[in-house]
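Read off the chains here:
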Amino acid sequence: MIDTHTYVVYVEDRPGVLNRVASLFRRRGFNIESLTVGHTERPGISRMTIAVKADRTDAQRIEAHLYKLVNVISVEDITTAPSVLRDLAMIKVAATQESRGEVMQLVEVFRARVVDVAPDSLVIEITGTEDKIDSLIEVLRPYGVIEMVRTGRVAITRGTKNGAATAGARSSARLSDDAGVSHSV
Amino acid sequence: MKLTGAQILWECLVREGVSTVFGYPGGAILPAYDAMLDYPIRHVLVRHEQGATHMADGYARASGKVGVAVATSGPGATNMVTGIATAMMDSSPIVCITGQVGSHLIGYDAFQETDITGVTLPITKHNYLVTRPEDIAPAIREAVYIAAHGRPGPVLIDITKDAQQRSCELDWDGAVPRPHKRPERRPHPDDYARALALIDQAKRPLILGGHGIMLSGAMKVVREFAERAHIPVAMTLLGIGGFPASHPLNLGMMGMHGEAWVNTAIQEADLLLAFGMRFDDRVTGNLKTYAPNAKKVHIEIDPAEINKNVRVDVAIVGDLRNVLEELLPHVAEGDRSEWLDWIASLKGDSAVRDIQNMPDSGHLYAAHVVHDLWHATDGSALVVTDVGQHQMWEAQYYKHEHPRSLITSGGLGTMGFALPAAIGAKIARPDAEVWAVVGDGGFQMTMAELGTIAQERLDINIAIINNGYLGMVRQWQEFFYERRYAATPLLNPDFAKLAAAYGLTGATVMKRPDVIPAVQAARAHRGTVVIDFQVEQEDSVFPMVPAGADLHAMIRRPSASPIVETSADP
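Fair warning: this is a prediction, and the values are worked out from it, not measured in the lab.

Looking at this model, I keep getting lost on the overall build of chain B. Mind explaining?
The secondary structure content of chain B amounts to 23 helices and 20 strands. Scaling as 2.2 N^0.38, a compact globule of 570 residues should have a C-alpha radius of gyration of about 25 Å, and chain B matches this with 24 Å. Structurally, chain B occupies a C-alpha span of about 75 × 65 × 40 Å along its principal axes. Counting the 570 residues in chain B, one finds 57% classified as buried. Within chain B, contacts between residues at least 6 apart in sequence are counted, and of these 77% link residues at least 24 apart.

Okay, structure coming up:
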């Protein structure tokens, strides 16, 4: 069964690492839905959130292939882990004097924010799951979406566990079953 | 004491145990070449940088040590691409060092600038762009480590000219490879138990032996394992030599041109034990019908290979030797005589089709040449083959008893590999009797390296299996394209004269009785001999599983009909 898998990947913050990760997905024929990258609480280490459509076997192969990249520190498939997934969008929507009030009400309902007001348009900022953002866009579409930008998915697991800290500590791993993978250089 | 980046490069390579490099100088690598003269390094000047990478590859495969190739920026670096991809596909540990334009010029399309780390990103295990002398030692030490550890492979280090020229302190200890935090590679005990249970229950088990046997040094334990459990062993092309050919449990090669009884046995097996192999499409044929009755146990160092092509029942990720050494004491002693007898009964059908057993028509066949070469060299030569028909005939008819006695380009199928790889192999093992067995097509791709052989005064023997065609492509055209021989006939030079032009010895053989004397003369001769074996032009490699076909759907050599007639010269 093909699902969207979400990976949290810690990588060394070095030139070309993003290229290495992106190139891996391209040449192995895995299709990235979204990829975000940013700094972490630790200097010199970046964190990627990668969303990919894959079946279970491919999902395991993706994890194994990521580990073959020397600059990758840890990989965690958090698809089934309790976690918070967020996307951020900024949407420029046409809003005349007549329609502005209605649009503002929708913004309110979705708990989004208006971050810029111009005579003919508004810029709306929304943070939430991709579903929620999709819904807002859907209801805004009749007013005229002029421009839009989305960050792609970022994700973090719930609770105190740190994925990066625990990923390196597994002492045994199996591939023929569900529980994780083991890795070579 | 401060050293230049170039000095650090050689200092580190020497300390890492490198004594020989294969290379070609040029502008951006000149500082390194200048510094090289002060270090105990044997530099082999190649005729083309592709040759340097194949030599490093041959060196690595023959010795198990890391091979090193050096080239300049731009075209020097891009010429390495084929050799790097070859090493990547066949898990061969090489380190390629390229010069790069000065760091201030990078990105400005400077003369001989190429983004070689970008170009080689998908065909290296890892690569580095080094722009500061301080980063050279860490890059070298880590590159050597990465190339040789885990699943081996190529690593490239691109060093800017200014990084070679500038100076800094060499911090050897500080340059120790960074510890890569990885989940530990220890198989789960349950998987051992499940594998052992499957082995215990199996009535028709088969070991599929791959390149991993050599890479992990598992020859002894594989043999003990097979003998104890009484399980026959089939080899992949790169597995050949990992299990002695003369051993009663060795069935021979599997796959597209594997022995018919091997492929039949795979299809009938109830258990496949895959040892350090990756179920390449040339091995499996149609995946949907591959070994339909067999449970599969995969022992493999690279987790990315698990369930890639063939879904397995038990996967044990780890170094093959370590895993087998853990398993061996728990393997039940078996008696699979019934299964072995059944497989042996299949061989009669192949024997009547074997070219060796057919009446002598007076024609010289490639299989004759390889068979006689095997005979004349007591099966003890280190054979390096190119790619195509001769490669398959060699795999079928040269019986390899020892690991690292067959070096060939398997995964990438790189024509032009044999001659330079044989040079690397000979330099790695000067006492070995090295034979390059090469087709007339592939030989001409890299035959400029005869110049390297002459300059280095090497003693390599070269058997050109000359059928005047790009033979394997011609065979496909015969089978699948109605004998429309598009662009496969070759007009060849006189190879014996070509050898003579380089100051080497040449010979031409056209009749079967002349094969063994020519081989013996070459063996007795000090120095390289090129033998042009002019063989039957339109012979084909049998059996053949057409690409993507079921493994048991082999095209066989007709048993009763006379041998294919010799065609007119092209």
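Just checking my understanding: could you explain the overall build of chain A for this structure?
If you tally the helices and strands in chain A, you get 5 helices and 9 strands. Going from N to C terminus, chain A has its helices and strands arranged as β-α-β-β-α-β-β-α-β-β-α-β-β-α. Relative to its 185 residues, chain A shows a buried fraction of 32%. Pairs at least 24 apart in sequence give 72% of the contacts found in chain A among residues at least 6 apart.

Help me understand the domain arrangement of chain B in this model?
Often, the extent of an interface is quoted as the loss of accessible area on bringing the components together. Residue and element names in this part refer to chain B. When its domains are assigned, chain B resolves into domain 1 (2-175), domain 2 (189-346) and domain 3 (355-534). Between domain 2 and domain 3, the residue contacts involve 13 residues of the former and 14 residues of the latter. Here the residues of the side of domain 2 that touches domain 3 sort into 8 nonpolar, 4 polar and 1 charged.

Got a minute to help me understand the packing of helix α3 (residues 49-63) of chain B against helix α18 (residues 418-428) of chain B in this structure?
A pair of packed helices is captured by two measures, namely the crossing angle of their axes and the spacing between those axes. Residue and element names in this part refer to chain B. Look at α3 against α18: their axes get within 6 Å of each other, and the N-to-C directions meet at 45 degrees. Compared by their axis directions, α3 and α18 come out oblique. Viewed along their axes, α3 and α18 form a crossing whose handedness is right-handed. Together, G51, H54, M55, A56, D57, G58, Y59, R61, A62 and S63 of α3 and P420, A421, A422, I423, G424, A425, I427 and A428 of α18 make up the contact between the two elements.

How should I be thinking about helix α14 (residues 320-327) of chain B in this particular structure?
In an α-helix, one turn spans 3.6 residues; hence positions three or four apart end up facing the same way. Residues and elements named next belong to chain B. When α14 is considered as a whole, its buried residues turn out to be L320, R321, V323, L324 and L327. On an axial view of α14, the arc spanned by its buried residues comes to 165 degrees, and they lie on one face. Tucked into the core, α14 has its buried residues touching α9 (189-201), α10 (212-215), α11 (219-229), β12 (271-275), β13 (295-300) and β14 (314-317).

How should the domain arrangement of chain A be read in this particular structure?
All names here are of chain A. Domain annotation for chain A reports domain 1 (3-81) and domain 2 (84-154). Computed from C-alpha atoms alone, the centre-to-centre distance between domain 1 and domain 2 is 29 Å. Taken residue by residue, the interface counts 6 residues in domain 1 and 5 residues in domain 2. Those elements giving two or more residues to the side of domain 1 that touches domain 2 turn out to be β2 (32-39) and β3 (45-54). Counting residues per element, the side of domain 1 that touches domain 2 draws most heavily on β2, which supplies 3 residues. A per-class count over the side of domain 1 that touches domain 2 returns 2 nonpolar, 4 polar and no charged.

Explain the sheet that holds strand β11 (residues 250-253) of chain B to me, please; I cannot follow it from the model alone.
To summarise the sheet geometry, strands pair through backbone hydrogen bonds and adopt either a parallel or an antiparallel arrangement. Residue and element names in this part refer to chain B. Reading across the sheet, the 6 strands line up as β11-β10-β9-β12-β13-β14 and stay open at both edges, with parallel pairing between neighbours. Either end of the sheet is taken by a strand with one partner, and the two such strands are β11 and β14. When the angles between neighbouring strand axes are averaged without regard to direction, this sheet yields 15 degrees. Bridge analysis of strand β9 (residues 205-209) against β12 gives 5 bridges, and the strand direction is parallel. What sits directly across from G209, in β12, is F275.

Please clarify how the environment of R158 of chain A should be interpreted in this entry.
All names here are of chain A. Here R158 shows up in the loop between β9 (154-157) and α5 (163-167). Of the residues examined, R158 has 10 C-beta atoms within 10 Å and is grouped as exposed. The sequence separation of R158 and D134 amounts to 24 residues, and the corresponding C-alpha distance is 24 Å. Those residues in contact with R158 that sit more than four places away from it in its chain are P82, S83 and V84.

Teacher, can you tell me more about the nonpolar core here?
For soluble globular proteins, the rule of thumb is that nonpolar side chains tend to be buried together. By size, the foremost hydrophobic cluster in this structure holds 186 residues, and its most contacted members are A69, V95 and I157 of chain B. V95 of chain B has contacts with V66, V68, A143, V144, A147, V155 and I157 of chain B, leaving out every residue within four places of it along the chain. Y7, Y10, A64 and A155 of chain A belong to the second-largest nonpolar core, a separate cluster that totals 20 residues.

For this particular structure, what's the right way to read the sheet that holds strand β19 (residues 505-509) of chain B?
Residues and elements named next belong to chain B. Strand order in the open sheet made by the 6 strands is β16-β15-β17-β18-β20-β19, with parallel pairing throughout. Unpaired on one side and paired on the other, β16 (406-408) and β19 mark the two borders of the sheet. On average, each strand axis in the sheet is inclined to that of its neighbour by 20 degrees, with strand direction left out of account. When strand β15 (residues 382-385) meets strand β17 (residues 434-439), the two strands line up parallel, connected through 4 bridges. Within the sheet, the bridge partner assigned to L382 lies in β17 and is V434.

Explanation requested: unusual backbone geometry in the structure shown.
Excluding glycine, residues mostly carry a negative phi; peptide bonds, for their part, are mostly trans. Residues and elements named next belong to chain B. The omega torsion across F542 and P543 is -10 degrees, close enough to zero to call that bond cis. Structurally, the position occupied by P543 is in the segment after β20 (529-534). Positive phi values are uncommon outside glycine, yet D109 reaches one of about 55 degrees. For D109, the location among the structural elements is in the loop between β5 (94-100) and α6 (116-119). Owing to 9 C-beta atoms within 10 Å, D109 belongs among the exposed residues under this scheme. A positive phi is found at N307, a non-glycine position, where the angle reads about 60 degrees. Secondary-structure assignment places N307 in the loop between β13 and β14. We classify N307 as buried; it has 21 C-beta atoms within 10 Å.

Cut-offs and rules
- Residues numbered from 1 in each chain as written.
- Chains lettered and ligands numbered in written order.
- Predicted model: local features only at pLDDT ≥ 70, side-chain atom pairs only at ≥ 80, totals over all residues.
- Helix = DSSP H or I, 4+ residues; strand = E, 2+ residues; numbered from the N terminus.
- Rg over C-alpha atoms; globule rule 2.2 N^0.38 Å.
- Buried ≥ 20, exposed ≤ 12 C-beta atoms within 10 Å, placed from the backbone.
- Contact = placed C-beta atoms within 7 Å.
- Domains from an automatic or database assignment.
- Nonpolar A, V, L, I, M, F, W, Y, C, P; charged D, E, K, R; others polar.
- Axes fitted to C-alpha atoms, helices over the stretch in contact; angles between N-to-C directions.
- Parallel < 35°, antiparallel > 145°, perpendicular 65-115°, else oblique.
- Left-handed = near helix turned anticlockwise from the far one by under 90°.
- Arc of directions from axis to C-beta.
- Pairing = 2+ DSSP bridges.
- Core = buried A, V, L, I, M, F, W, Y, C linked by C-beta atoms within 7 Å.

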